[in-house]
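A look at the structure
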Amino acid sequence: MKHLLGCAMALLAISAVADSRQMADRIFWNGTIYTADSQQRVVEAVATRGDRIIYVGDRASAEKLVGERTKIVDVAGKMVLPGLHDVHIHPVLSLERMTCELPERNEFSLEEVVTQLQHCLQQLGERAPEPGTWITVAQFNGYGADAADYLGKYTSIREGLNAVSSSHKIFLYGADGHVFAVNDYALQHGATLNGQHHPVNAATLNAGLSQYKEYFQLDGDGRPTGLVKDAGAYDLFKYEQESARSLASRADDFNEYFHSAGITTAQEPWAKPRDIETYDLMAREKSLDVRMTLAISLLKDKHLDSKGLVRRGRFIEEVRAIRSRMASYPNLKADSVKLMVDGVIEYPTQTAAMHRHYLQATWEADGDIRYSAGEDACPASAAPCAGLNYGIMEFQAQDLSKLVQDLDRNGFTVHFHAIGDKTVTIVLDAIENARRENPDSALPHNVAHFQQVLPEDVARFGAARAFITPTLSWLAPWPEYDRTVIPYLDEHRNALDLDDLYRQDTPYMQKLYPVKSLVAGGAVMSAGSDAPVDGPLPRPFTDIMYGLLRGEWATGPDGKDRWVSLNQSERMAIEDLLDAYTISGARA
């Protein structure tokens, strides 16, 4: 879209008898043509020559560019947009071949998961994995996966997966990318750290793996139940089944993955070594059509020392080398770094870092919610209270700030995963400090997700010249998910009562994805699908719809449908949402 601006002046030099070199190759008209320019104009026609846009404007002027070889494309009332930019998408994770895949947004019990996996392995027959190897499963729904009605006849998710196989390492990949499940064999044989095998049990989690203990759900005897969170899975269970060479040989699948959604440019926001090698191979072989940016991941097991501090010199040297290696490719760059600063907010994971502790809530089959006594004895303004969960910050605040300053100084854009309001506050501190230390830097440091933002932090985004990347599909209600979040942050009466659950006057709701306010305050909004987290494929136009509506029909316990909303006051205009996927995405 950078070629759209300034074209009008060039038209003045075009005469009625211009030669064919001045004529358009293609002209598109008879539709809604959105420019994504600074005036957010809708025009009648757009003309191209070669790979350049040479004119946008009215049809009468476009007709002067029609030559003998000009192809007229009658849009027939449809819409024409600039190419889409997805700034937060995981193509390798989407396209990696897993052993089995559960249905998208399934609400299976553990017994149903077991049945599904047994059927999958039966269907594979001789193609099933050999004993001792991995069985990997996509689209595991871990929301509420420790509840009695989910576990059914099993005492733990580990026990249920043992019923599928006791001779394979089973790994269920959470649909949200933050909660996972493993069986006994995986706990015993599947974990490695710094190249060394480590069984995961009560003893090792209190010794050599103690830094990962908080990422494992434990039973009353201190044994892992099979549920694993965030870094506990990322660092220990490196299940990768498909090699970079195999993935790169499927470049056509990658191209179709993007083309089918109208995506011309994308960012892989958590590029690990295998991902980097995959894109390197495709770029070298010139088999990848889209333009890709790699946000290189900082890995806790590799880049943090025993005190939890980043080995900054080593990390900066490593990412500089990767950036240099990719510099010769016309459609691939690696000038961004991904920092996973916290986890997610939903129960039972609750690893997003919050200023106020998560509430200790339980709810019965009829939806009635009960809270532990004494919650109010620890107000939000007080120092953290012992025994309560505030989530997990993956970096020490001062260390994060120094790292961001170093990355900024070395020309790397930082892409932050920040869900909880405390994390957002600390990320803004880091960006502000980098701006002060490097005042000439205009790098578009980008805060992704920001599920909760304190009102006093809203204006700071614009002042810090920060970009934001929401996952727009998360702006729509999903009661099954929302019941694992809302009652644990604000007190509610009944989780099944939709009118109570989706009250608009609660602190959670008023802090929820305040995109309209952030943009009004000067933040620049790009967009990311986060596929396959919400679904295996990017769905930009569905996401735009959710950003526009921030609401959905839901069925209550009375069987009646009602319209429910998430922070309805933060609905955005369609033009701003289109800009997020086009011009602002190009700048991010």
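Residues numbered from 1 in each chain as written. Predicted model: local features only at pLDDT ≥ 70, side-chain atom pairs only at ≥ 80, totals over all residues. Heavy atoms only, no water.

Right, let's talk about the pairing of strand β20 (residues 413-418) for a bit. Summarising burial for β20: six of the six residues are buried, a large majority. Neither face of β20 is open: one carries Thr413, His415 and His417, the other Val414, Phe416 and Ala418, and all of them are buried. Here β20 runs beside strand β21 (residues 446-449); their pairing, made up of four bridges, is parallel. If you follow Ala418 over to β21, its bridge partner there is His449. The parallel pair β20 and β21 is bridged by helix α15 (residues 421-437), and the resulting crossover is right-handed. (Buried < 20%, exposed > 50% of the residue type's maximum accessible area, 1.4 Å probe, protein only. Helix = DSSP H or I, 4+ residues; strand = E, 2+ residues; numbered from the N terminus. Pairing = 2+ DSSP bridges. Right-handed = clockwise from strand over helix to strand, strands pointing away.)

The next thing to look at is the confidence of the model for the protein. Detailed conclusions should not be drawn from predicted coordinates in areas where pLDDT is low. Across the protein, pLDDT averages 92, with 95% of residues at or above 70. Note that residues 1-18 has pLDDT below 50 and, in this model, 18 contacts with residues that lie over four places away or in other chains. (pLDDT = per-residue confidence, 0-100. Contact = heavy atoms within 4.5 Å.)

When two helices pack together, their arrangement is given by the angle between their axes and by how far apart the axes lie. Across the interface, helix α14 (residues 397-409) lies against α15 with an axial gap of 8 Å and an inter-helix angle of 40°. Viewed along their axes, α14 and α15 adopt a mutual orientation that is oblique. The handedness of the crossing between α14 and α15 is right-handed. Facing Ala397, Leu400, Ser401, Val404, Gln405 and Asp408 of α14, the residues of α15 in contact are Ile426, Val427, Ala430, Asn433, Ala434, Arg435 and Glu437. (Axes fitted to C-alpha atoms, helices over the stretch in contact; angles between N-to-C directions. Parallel < 35°, antiparallel > 145°, perpendicular 65-115°, else oblique. Left-handed = near helix turned anticlockwise from the far one by under 90°.)

Here the focus is the sheet that holds strand β17 (residues 332-340). Pairing in this open sheet of eight strands is parallel, and the strands run β6-β15-β16-β17-β20-β21-β22-β23 from one edge to the other. The outermost strands of the open sheet, each flanked by one partner alone, are β6 (84-86) and β23 (524-525). Packed onto the sheet, helix α13 (residues 312-326) meets β16 (291-297) and β17 and runs at close to 150° relative to β17. Along the sheet, α15 contacts β20 and β21; its crossing angle with β20, the most-contacted strand, is approximately 165°.

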